Amino acid sequence: MNSLYQVDELVKEYLLFRGFTNTYRAFENESRVDKDKGYQVDKILEELLGYIFNSDIQRLIDYYRYLDLRFFSRLDSRFQRTVKKFELCLLRHYLVYAIQHKKRDKVVEFFDLYGPELHGKPEWSQWFALPYVKNPATDPAFETFFSKQWTDNYMISLHNFLATTFQFMPLPSLLSFNMDRVQRKAQQTEIESLKSTIESMKAAAEARENEVAKLKHEVAETRREMTDGITLIRRRAASMTNELKAGNGTQKPKPSNLEKTVDKAMTSVSSSLDPNGNCGTSDAVVVDDEEPFVVVSEEEYSEHASAITHAKFSTEGNLIASCDMDNIVRIWSHKGQSFNPVKINNNASNILSLEWEARSDRFLFLGTDSGSIRVYNVENKSIVQEFTMDSKYPWVTHLSCSPVEPIFVCAGTGNRFSADNKNRAGALVSWSMKSMTDIGTFRFDSVDEDTGVDINTIKLNHNGQMLVSGDHNGLVRIFDIRSMKPIMEWKDPSNRPCCVAQFSFDENSIYTVDNNGQLSQWSIHKRGASLSQTQLSGFPPPPAFTSPGNGPIDLPKKPNNAAALPPRPKSNPSTSSLSRLSISSSRSTRLPKIAVDDSITQSLLAVSPRPQMVAFSADTDFCLCATASSADRQLASSSSSVSSLSSASESTSSTTVQGTIYRVADGRPSLQFGYQPSYQKLTAVDWTSSSNTCLLGSADGSVKVTNLIKV
């Protein structure tokens, strides 16, 4: 009805165009005395109230009956009682207004005119006495109708009734045509806006394609340089072999170590390059022919003086929180930002779990072996909150934060070193940061083997309403966070411990990785239904240390042939570690034993696999794992100096540890990077959801950060 007056103007214009002047005048005259008021409800109510204020009962009844005949009679029969009730209340409002303004003669006139018609109707039986009641406003029979509340409610109801009636009236073709025209114009404007958005997105996509093409060109150039360098090495090796042949006469010599080394180097380089000449960096091997990732850069940071126990990217991916065996937590930036690194000392307890708030980079949660969960404010650089578990569950082993609410869940268990170790209890507790209290608890008090209490992993879904957990007996549970009760559970038929459990990106399934390196996909709609199972080659790696239970940890010693292993990236100490550079740079020459009083931190790294050794990408299409493999990583660098020849002449076959990215769909390795010799075990990995950046934490206290591009 908003375009009614616009259509009226179009009709007038058309009548003048056709020369229908008499019709034009008649149309204008009728428009001036339009009883429908242009279907404007407010004006219709003003007309009715005007008759009431003027005490014009005849026009009031005539106008209402006109509305009844014009509009209300077309309504469904079930609305007729409502129409009659509105008329009854309108007349009562007329009488009340007349009494309130001392017009009793108008009340008497009303009953004189319409008394015979209203006589015998029960709703009017008491109203015939209205002119003779001295103070009707206080009379119980009329008190309600004299209140302002009754008048307001009646006018609002009548307004809504008229508005609804006009809204659902069938429109004439001319009015519908004009409304369609207006709507079509609005849609056309929206289409133009969407086209503009598409063009801008296309431009951004083209710019990214150009960037990828440039990177591929640089990769091809790197491959060419590597190939030229190795060709030169091979020629020198062949020359030395010819000299040996000349010196030994006709006797056929055995292949020298140098020849073997060069052949292996050529095989290694060939395997790291695809037919199109694409590759990662000199320290990354592309295993998948499709090459989903390209390594852009790899930096090593010397933040700690002892083995890394936890390392996590912040939610926005700008900061890293890492913890070592000395229970020192450091918060630092890997992007070269002006962030002042933070050091958190924990002398009173051991850090068993570490988690960032899932909504920002403001809070860091620290779970300890004393039953406390400390909340560290990065901005204020202080502990701002502390939650305390029940004394039955002093070990806070896992934490997971809600992405949408100030809620987090922790897994607690009894002391694993206590005398009553086999009967220790466990619990999952949900905490509110607003109320500072627990809002739900699920207890694992049973000592039955099938319901073990050693929870290995917990993870909340995208809206924080569901939680998945996996335990040491291979039992996977899905919890409703609001009630902290399991809504589904199933057990791996192999009974292997569950290392990691993760919701898929579409949340129709659960991915699990067990302690034997089997990646499984389970349906969330059919309990225990396995959708796929694949083996992750190279996972799990051996544990970082072997702990004798009490006493110092035995650190692996550097092997004699360590010089033949691939060169490590140049150490990139952050601001917080400049003062400790001498300690970090001499990491390989430390004493073979470190005296640690508390055996709890020793036990963290004496287990493999750990949940910290697996991380999924944001779309759960790939997963990053710490792996070990027997690989010949010789001459990965393009350097062809004589010094590299002399070092390559030694035996170079050794077990290496590295980060491996697997395809979740089939378990195939797609990329291997961050190669390290076996004595520098990997203890933690992570993959930030904000960008394709990965980290690898090591037993020597270093953290490697690798930037990837998905192609």
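What you see is a predicted model; the values in this text were computed from it and never measured.

**Student:** Whenever I open this one, the pairing of strand β31 (residues 702–710) confuses me. Can you help?
**Tutor:** Moving residue by residue along a regular strand, the side chains alternate between the two faces of the sheet. Along β31, seven of the nine residues are buried, which leaves the element largely enclosed by surrounding structure. Two elements, strand β2 (residues 293–302) and β31, share nine bridges in a ladder whose sense is antiparallel. Its bridge partner lying in β31, V294 is registered against I709. With antiparallel pairing between neighbouring strands as the criterion, strand β30 (residues 693–698) and β31 make up a hairpin whose turn holds three residues, including G701 at a positive phi of roughly 90°.

**Student:** Looking at this structure, how should I read the packing of helix α1 (residues 4–18) against helix α2 (residues 21–32)?
**Tutor:** Packed helix pairs are specified by the crossing angle of their axes together with the interaxial distance, meaning the distance between the axes. It is at 8 Å that the axes of α1 and α2 come closest, and there the two elements cross at 155°. The angle between α1 and α2 falls in the class roughly antiparallel. Note on packing geometry: the crossing formed by α1 with α2 is left-handed. Between α1 and α2, the residues in contact are D8, V11, K12, L15 and L16 and T23, Y24, F27 and E28, respectively. In terms of residue class, the contact of α1 with α2 is built from five nonpolar, one polar and three charged.

**Student:** For this particular structure, what's the right way to read the nonpolar core?
**Tutor:** Side chains that are nonpolar tend, in soluble globular proteins, to be buried together. Ranked by internal contacts, the top residues of the largest apolar core, which has 48 residues, are L95, F110, W124 and W127. Tallying contributions element by element places helix α5 (residues 80–100) first for this core, with twelve residues. Beyond its immediate sequence surroundings of up to four residues, L95 is in contact with V107, F110, F111, W124, W127 and L130. The next biggest cluster of nonpolar side chains, apart from the first, holds 31 residues, and it includes I661, V685, C694 and L708.

**Student:** Teacher, can you tell me more about the packing of aromatic side chains here?
**Tutor:** Two measures describe an aromatic ring pair: the distance that separates the ring centres and the angle between the ring planes. Under the defined criterion, the tally for this structure stands at 28 aromatic pairs. Note on F293 and F622: the rings are 4.9 Å apart at their centroids and 75° apart in plane angle, and the pair reads as edge-to-face. Residue F293 is found in strand β2, and its partner F622 is found in strand β26 (residues 622–631); the two are separated by 329 residues along the sequence. Overall, the relative accessible area of 5% leaves F622 in the buried class.

**Student:** Looking at this structure, how should I read the sheet that holds strand β17 (residues 475–480)?
**Tutor:** Consider a sheet: its strands pair through backbone hydrogen bonds, and that pairing is either parallel or antiparallel. With antiparallel pairing, four strands are arranged side by side in an open sheet as β15-β16-β17-β18. Of all the strands in the sheet, the pair left with one neighbour each is β15 (455–460) and β18 (485–491). Pairwise comparison of adjacent strand axes, ignoring direction, gives a mean angle of 20° for this sheet. The pairing of β17 with β18 spans six bridges and is classified as antiparallel. In the sheet register, D480 faces β18, and the bridge partner there is K485.

**Student:** Mind showing me how you'd approach the sheet that holds strand β7 (residues 351–356) here?
**Tutor:** A sheet is described by the order of its strands in space; here four strands give the open sequence β7-β8-β9-β10, paired in antiparallel fashion. At either margin of the open sheet sits one strand with a lone partner, and together these are β7 and β10 (382–388). For this sheet, the mean inter-axis angle between neighbouring strands, taken without regard to orientation, is 20°. Of the pairings in the sheet, the one linking β7 to strand β8 (residues 363–368) comprises five bridges and is antiparallel in character. For L354, the partnering residue across the bridge sits in β8 and is L366.

**Student:** How should α1 be read in this particular structure?
**Tutor:** Side chains that are three or four residues apart share a direction in an α-helix, a result of its 3.6 residues per turn. Along its 15 residues, α1 runs 21 Å from first to last C-alpha, staying within 8% of the 21 Å computed at 1.5 Å per residue. Along α1, the residues that are buried comprise L4, V7, K12 and L15. Down the axis of α1, the buried set is contained in an arc of 145°. They therefore lie on one face. Of the exposed residues in α1, the ones pointing more than 90 degrees away from its buried face are E13 and F17. Immediately downstream of α1, the backbone of G19 shows phi near 85°, a positive value.

**Student:** What exactly am I supposed to notice about helix α4 (residues 57–70) here?
**Tutor:** An ideal rise of 1.5 Å per residue puts 20 Å on 14 residues; α4 measures up with 20 Å between its terminal C-alpha atoms. Taken together, the buried positions of α4 are occupied by I57, L60, I61, Y63, Y64, L67 and D68. Angular distribution of buried residues about the axis of α4 spans 165°; they occupy a single face of the element. Opposite the buried face of α4, by more than 90 degrees, sit the exposed residues R59 and L69. Where the residues of α4 are buried, they touch α3 (41–53), α5 and α6 (104–118).

**Student:** What is the right way to look at the pairing of strand β14 (residues 437–444) in this model?
**Tutor:** Bridge count for strand β13 (residues 426–432) against β14 is seven bridges, and the pairing is antiparallel. Bridge pairing in β14 links A427 to R443. Between the end of β13 and the start of β14, which pair antiparallel, lie four residues, with M436 showing a positive phi angle near 60°.

**Student:** Explain the side chain of D369 here, please?
**Tutor:** Secondary-structure assignment places D369 in the loop between β8 and β9 (372–377). Buried charge without a partner: D369 forms no salt bridge, and the closest opposite charge is R374, 7.2 Å away. A polar atom in the side chain of D369 sits 2.7 Å from the side chain of N350.

**Student:** Quick question: what am I supposed to make of the side chain of H93 here?
**Tutor:** Tracing the backbone through its elements, the reader meets H93 in helix α5. Setting aside its immediate chain neighbours within four residues, H93 contacts L49, I52, W150 and T151.

**Student:** Help me understand unusual backbone geometry in this model?
**Tutor:** Glycine aside, residues mostly have negative phi, and peptide bonds are mostly found in the trans state. Cis geometry marks the peptide bond from F539 to P540, where omega comes out at 0°. Of note, P540 is situated in the loop between β22 (530–535) and β23 (553–554). A positive phi is found at N327, a non-glycine position, where the angle reads about 60°. With respect to the element layout, N327 can be found in the loop between β4 (319–324) and β5 (328–333).

**Student:** Help me out: how do you make sense of the pattern of salt bridges in this one?
**Tutor:** Scanning the model with the defined rule gives 17 salt bridges in all. For R362, the salt bridge goes to E379, with nearest N and O atoms at 3.9 Å. Of the two residues, R362 sits in the loop between β7 and β8 while E379 sits in the loop between β9 and β10, which places them 17 residues apart along the sequence. What emerges from the salt-bridge pattern is a single network uniting R65, E87 and E117.

**Student:** Quick question: what am I supposed to make of the environment of L531 here?
**Tutor:** With respect to the secondary-structure elements, L531 resides in strand β22. Measuring from C-alpha to C-alpha, the distance between L531 and Q521 comes to 5.3 Å, with ten residues separating the pair along the chain. Setting aside anything within four residues of it in sequence, one finds L531 in contact with S509, Q521, W522 and S523.

What counts as what
- Residues numbered from 1 in each chain as written.
- Predicted model: local features only at pLDDT ≥ 70, side-chain atom pairs only at ≥ 80, totals over all residues.
- Heavy atoms only, no water.
- Buried < 20%, exposed > 50% of the residue type's maximum accessible area, 1.4 Å probe, protein only.
- Helix = DSSP H or I, 4+ residues; strand = E, 2+ residues; numbered from the N terminus.
- Pairing = 2+ DSSP bridges.
- Axes fitted to C-alpha atoms, helices over the stretch in contact; angles between N-to-C directions.
- Parallel < 35°, antiparallel > 145°, perpendicular 65-115°, else oblique.
- Left-handed = near helix turned anticlockwise from the far one by under 90°.
- Contact = heavy atoms within 4.5 Å.
- Nonpolar A, V, L, I, M, F, W, Y, C, P; charged D, E, K, R; others polar.
- Core = buried A, V, L, I, M, F, W, Y, C linked by side-chain atoms within 4.5 Å.
- Phe/Tyr/Trp six-rings, centres within 6.5 Å; stacked < 30°, edge-to-face > 60°.
- Expected span 1.5 Å × (residues − 1).
- Arc of directions from axis to C-beta.
- Lys, Arg positive; Asp, Glu negative; His and termini not counted.
- Salt bridge = Lys/Arg side-chain N within 4 Å of Asp/Glu carboxyl O.
- Polar contact = N/O pair within 3.5 Å; in protein donor to acceptor, adjacent residues only side chain to side chain.

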